[in-house]
Amino acid sequence: MATSLPPLAVPGQRLGPTSSYSAGPGTHVLNAHVYASIAGPVVANPAQPGAKQKSVLTVSRTYNHASPGEGTSNLSPNGVKPVPTPAASSTKPAPPKSKLRYNTLPAVDSIVLARVTRVQKRQATVSILVVLDDSQLASDNDDIESILTSAVNVENHSSSDELRFQALIRKEDVRAVEKDRVVMDEMFRVGDIVRGSVISLGDQSFYYLTTARNDLGVVMARSEAGNMMFPVSWKEMRDPATGVGESRKVARPF
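- The name given to the protein chain in an unreviewed UniProt entry is Exosome 3'->5 exonuclease subunit ski4 (Csl4), and the organism recorded there is Monascus purpureus.
- Turning to the protein chain, the UniProt record has this under Subcellular location (unreviewed entry): "Nucleus, Nucleolus".

Here you go:
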C-alpha cells in the first residue's frame, strides 16, 4: 500500500519506508525509513517509467509551486512538460496561487528582523522575529506590523524568546568602519528591534548576523523613559517626548 506523504514536514518526522523511497536533500535514513532533516514542503520525485530506481523524497527550504508530494509527476514519459493548447488555456482560467502557511527558515544572505535580548562586551544576542522573504509569497509571518507591535512590548519578551531562532551579532560585524572602536552598549540595547543579514548558519545554537551595511541596524527602539524613538542620524535616536538622544547603530530609513 502506498504511503501518503505529508504536505509539510518538521525535523525528525517519518516520511516513508526505504523500500518505496530514496532519501534526497533535506532527508536522512534511520531504521529502514526516510526522515525529514529540516522543516519545509515535501516533494517526491518519481523515477522514470520502467526504471528500477525508487522515488526520491526531498524536503526543501523554499516553496515549490508544484503540489507537495507531487514532484515531477506532471511530466510526460520523455521528461517534457506538456504545453496546453490555446483553446484550453482560454476556456480554463488559471487557478489562484495558494498562500504559504509555514515559517521561512533563515538562510545565508536572508534579511531578518530580530529583538535584542542580551548585550555583552563582544557580542549581542538577538531573537529572530521574522525572515523577510523577497519572493513576496504569503507565510505565517505576513502580518509584520502585529509581530513588531508585540515584540516591542516588554511583557512579551521572556515568554516568546526561547521559542524563536537565536542569533549573535559580533562586535566586528556591527559596522563596516572603525570596527576596533565599537562599543556594544552604544550600538544596541535590550529590547531594540534590529534589521540584520544572516552571514553564517553558525552552530546548533546560534545563527550569525551582520549589521555592517547602511540599511541594517536598529529600526525600532525605546528610550530609557519608555518612549518610542526616531532616528536622527546613523548613530543616534531621539525620544520625541523628552528630546534626549541615545546612541544606536541605526538602519537607514526607507
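## Overview of the pairing of strand β7 (residues 55–59)
Right, so step 1: Counting buried residues along β7, four of its five residues qualify, which places the element largely inside the surrounding structure.
Right, so step 2: As judged from the three bridges shared by strand β3 (residues 21–23) and β7, these two strands associate in the parallel manner. Residue pairing in the sheet places Ser-22 in a bridge with Val-56 of β7.
Right, so step 3: Bridge count for strand β6 (residues 40–45) against β7 is four bridges, and the pairing is antiparallel. Of the residues in β7, the one forming a bridge with Ala-44 is Leu-57.

## Brief notes about the side chain of Thr-211
Right, so step 1: Here Thr-211 lies in the loop between β12 (207–210) and β13 (217–220).
Right, so step 2: Its relative accessible area of 0% is what places Thr-211 among the buried residues.

Cut-offs and rules
- Residues numbered from 1 in each chain as written.
- Predicted model: local features only at pLDDT ≥ 70, side-chain atom pairs only at ≥ 80, totals over all residues.
- Heavy atoms only, no water.
- UniProt positions renumbered as here; feature names shortened; annotations may be inferred.
- Buried < 20%, exposed > 50% of the residue type's maximum accessible area, 1.4 Å probe, protein only.
- Helix = DSSP H or I, 4+ residues; strand = E, 2+ residues; numbered from the N terminus.
- Pairing = 2+ DSSP bridges.

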